[in-house]
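# Analysis of the macromolecular model
Chain residues, written in single-letter form:
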Amino acid sequence: MSEHRREGHFDDSKYDFTQTMPAIEGDSLADARRARRSRRMRTATKATLAALSAIVLVGASVYGATLATAPSDVQAQSGVHVETVARSELQSYCPERMQLADTAAYGDSQFQVSEGNISSQAMIAASGDVQLAAASSLDGITTTPLSAGTGAGALLVNSQAVDSASLLGDAFLTQATDGTGLFGTSASWATEGDLRGVAATQCVATATKQRVITPSTGSGWTEQLVLANPGSIATTVTLTAWGTSRAGSLSLATAATVTVPARGETTVSLGAAANGENALVVDIDSQAIPIAAVVRSVSADGLTPRGSDYAVATADASTQLLIPDVASLGDAQATLFSESDTTATLTWLTKDGASDATTVSLTGQQVKVADLGTVPDGAYALRVTAGEALNAQVVGTKSGDGQSDFAISDAVETSHVTGLAIPSDTRATLVLSNTSSSDQVASLSCYDASGAPLATHQVTVPANGATTVDVSTLAGGAGESSGDGATTDGTSADGTAQTATPTVGAIIVSDSADASQASTLPSTLGVAATLTQPDVDAASLQGMSVIAGTSLEAPSYDIESTRDQRLVS
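Here the structure is a predicted model, which means the values were calculated and not measured. (Residues numbered from 1 in each chain as written. Predicted model: local features only at pLDDT ≥ 70, side-chain atom pairs only at ≥ 80, totals over all residues. Heavy atoms only, no water.)

## So, the overall build of the protein chain
Within the protein chain, the secondary structure is distributed over six helices and 39 strands. Here the protein chain holds 569 residues, and 54% of them are scored as buried. (Helix = DSSP H or I, 4+ residues; strand = E, 2+ residues; numbered from the N terminus. Buried < 20%, exposed > 50% of the residue type's maximum accessible area, 1.4 Å probe, protein only.)

Structural data, given as structure tokens:
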């Protein structure tokens, strides 16, 4: 008997691009995701168990089988059993604030790099059937329990600066149900120095296999891959990279394997490993120990800051992908990658439905960067389809007087229930996208910064389209919204009128599927937000970042058991 344990979303075959589907449109996107999710399980650990001779003898006597089994009989008597098991613990990693790769002082002070007056804030929240949740430093030295807001259904939350250390969220569950989970956001901003602008990312789950897409490793760019290991055992990580310069994996100029210490972080310079690429795709394999991975991407043109942002693990490769937020990206480029030659079709999802963007030919195992021009007015998300499985990312840039900023928007997997955290001192514009051929109604449950419930709003998202909502309009009372920032206020969550408008700190977005539908049909609703910051706006600087929602579908993992008579001789 051999047993394989697959936990969470850890998928051994995540990058098996031989499993392909024909290009499909509209509602078929949901079918594609359902097929992909049925395969998606990321490996936590594997072990092979030899059957005890006593058990084998008993089995032989019961079934009348002999120990010597012909190959054809082996196939008949071997089988796979998969059972879904509810998770009891969740982890989420919120990276430390944005940093420059090198802040050493060289030469005249006026030519030295500086991180300026950078500030940061992270918020992490736990929802649903959570028994206990805490936020701690990665080394575990400092731990702060998440505190509950007032009112029925309040979230557990914690907010703190991440100026000198990353933040790790832990949640222990009483049961795994839809709406139960852990989600957060880490953000930093500056109005002075070389990091002027806004950089942010959703907090990320740990995994043993993940893929990140990064912008350029050419002149003026620094790409720092941060690997974080919250476990008690050190692990070795293997890196495989592909670039724009040629087809096939790259020969890295630095070591392809790195060690990440227990409860610690290791930083890898991707620019040193694969210099001169216009974009980079990196596979990260940490064997049996789940880790978190985040890339700090910084750009400059001499002494002129050109922005910074985080890149995190992108969605599994598929023939159907959704980039959930391009609403504020300005001049945009799409980065595409497939293991096989294929043609990708890119379609804007607008307030009025789908609109053609461009078509791009891809060479297998070679990264392609395609210019999308300026994102059209009313285009809020991007759908990518192809005949072969691929990965996708969009990077957008806005330029100002002596400064610019860029934002990274990665492909995501849709969810029936999604959580989004909004750190204090930031502003958010919610982007909801719908890849089906029917209008969808999204329910927005809003909470203040303490986790207390505020109001619930209904937003209609057009078929094969998208809409935006100004989050500042969601705190005042319940109501309906037609999207594009227009919200009709009603009463507060407890039915009373509100005289003071609090700040929304978290949103849980649910689609219109009922419980029976949610268990059988994948969602077609994408959730993301553009973050800005008041001080950056007041300084007339460019500053924006995209954060994606975190799935709050019932957390589970699969146990796979394989009966194999060949283990007995």
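After that view, the rundown keeps rolling.
## Section: the side chain of E277
On the secondary structure map, E277 appears in the loop between α4 (270-273) and β18 (280-285). Despite its burial, E277 pairs with no opposite charge, the nearest such side chain being R246 at 6.8 Å. At a separation of 2.8 Å, a polar atom in the side chain of E277 contacts the main-chain amide nitrogen of T244. (Lys, Arg positive; Asp, Glu negative; His and termini not counted. Salt bridge = Lys/Arg side-chain N within 4 Å of Asp/Glu carboxyl O. Polar contact = N/O pair within 3.5 Å; in protein donor to acceptor, adjacent residues only side chain to side chain.)

## A few points about the environment of D139
Its place among the elements puts D139 in the loop between β6 (130-137) and β7 (143-145). In this structure D139 comes out as partly exposed when scored by relative accessible area, which is 38%. D139 sits 27 residues away from S166 along the chain, and the two C-alpha atoms are 9.6 Å apart. Separated by 2.5 Å, the side chains of D139 and S137 make a polar contact. A polar atom in the side chain of D139 sits 2.9 Å from the backbone nitrogen of I141.

## Side note on the sheet that holds β7
Judged by pairing direction, the sheet is antiparallel, and its four strands sit side by side in the order β4-β10-β6-β7 without closing on themselves. The strands lining the two open edges of the sheet, one partner per strand, are β4 (89-94) and β7. With direction set aside, neighbouring strand axes in the sheet form an average angle of 20 degrees. Alignment of β6 against strand β10 (residues 167-173), held across seven bridges, turns out to be antiparallel. Bridging from a neighbouring strand, S136 pairs with L168 of β10. (Pairing = 2+ DSSP bridges. Axes fitted to C-alpha atoms, helices over the stretch in contact; angles between N-to-C directions.)

## Side note on the packing of aromatic side chains
The geometry of two aromatic rings is summed up by the distance between their centres and the angle between their planes. The final tally for this structure, using the stated rule, is two aromatic pairs. Both rings, one in W242 and one in F337, keep their centres 5.2 Å apart while their planes meet at 45 degrees; by these two values the pair is tilted. Here W242, found in strand β15 (residues 235-243), pairs with F337, found in strand β22 (residues 331-338); they are 95 residues apart in sequence, far enough to count as distant. By the burial criterion, W242 is buried, and F337 matches it. (Phe/Tyr/Trp six-rings, centres within 6.5 Å; stacked < 30°, edge-to-face > 60°.)

## Side note on the pairing of strand β13 (residues 209-214)
Counting buried positions along β13 yields six of six residues, so the element is predominantly enclosed. Side-chain alternation along β13 places K209, R211 and I213 on one buried face and Q210, V212 and T214 on a second face that is also buried. Across six bridges, the pairing between β13 and β18 is antiparallel. Within the sheet, the bridge partner assigned to R211 lies in β18 and is D283.

## Description of the environment of T363
With respect to the helices, strands and loops of the structure, T363 is situated in the loop between β24 (353-362) and β25 (368-374). Between the alpha carbons of T363 and T343 there is a distance of 8.8 Å; along the sequence they are 20 residues apart.

## Comments concerning the nonpolar core
Formed by 29 residues in total, the largest nonpolar core has its most connected members in L430, L432, L444, V504, I507 and V509. Listing elements by their share of this core, those giving two or more residues are β11 (181-190), β12 (197-202), β29 (427-434), β30 (440-448), β31 (453-461), β35 (504-510) and β36 (525-532). In terms of residues, this core owes the most to one element, β36, which gives four residues. When neighbours within four sequence positions are excluded, L430 is seen to be in contact with L420, L444, T467, T468, V469, V471, V527, A528 and A529. Core analysis: the second largest hydrophobic core is formed by 27 residues, L346, L382, A386 and A407 among them. (Core = buried A, V, L, I, M, F, W, Y, C linked by side-chain atoms within 4.5 Å. Contact = heavy atoms within 4.5 Å.)

## Observations concerning the sheet that holds β15
Two orientations exist for strands paired in a sheet by backbone hydrogen bonds: parallel and antiparallel. Ordered in space as β13-β18-β15-β16, the four strands form an open sheet in which the pairing is antiparallel. Edge positions in the sheet fall to β13 and β16 (257-260), since each has one partner strand and no second. Between one strand axis and the next, the sheet turns by 30 degrees as a mean value, whatever way the strands run. Where β15 meets β18, six bridges bridge the pair, whose relative direction is antiparallel. Residue pairing across strands places T240 opposite D283, the latter belonging to β18.

## Let's talk about the side chain of D309
Residue position: D309 is located in strand β20 (residues 304-312). Among the polar contacts listed, one links the side chain of D309 to the backbone nitrogen of I408, at a separation of 2.8 Å. In terms of polar contacts, D309 uses its side chain to reach the side chain of S545, at 2.9 Å.

## Side note on the pattern of salt bridges
Inspection of every chain in the model, using the stated rule, returns six salt bridges. Between R306 and D301 there is a salt bridge whose closest N-O contact spans 3.8 Å. Judged by relative accessible area, D301 falls into the partly exposed class, the value being 49%. We note a salt bridge from D537 to R427, for which the minimum N-O separation is 3.4 Å.

## Digging into the state of the cysteines
The full count for this structure, using the stated rule, is one disulfide. Here C94 pairs with C203 through a disulfide, and the sulfurs are 2.0 Å apart. Of note, the bridge from C94 to C203 carries an S-S torsion of about 110 degrees and is right-handed in sense. Of this pair, C94 sits in strand β4 while C203 sits in the loop between β12 and β13; the two residues are 109 residues apart in sequence, bridging distant segments of the chain. Comparing C94 with C203 shows no difference in burial state: the two are buried. (Disulfide = S-S within 2.5 Å.)

## A short note on unusual backbone geometry
Where the residue is not glycine, phi is negative for most of them; where a peptide bond is considered, it is trans in most cases. Even without being glycine, R263 reaches a positive phi, approximately 50 degrees. Position of R263 among the secondary structure elements: in the loop between β16 and β17 (264-269). Residue R263 is classed as partly exposed on the basis of its relative accessible area, which comes to 43%. Here the phi dihedral of Q365 falls at roughly 60 degrees; this positive angle occurs in a residue that is not glycine.

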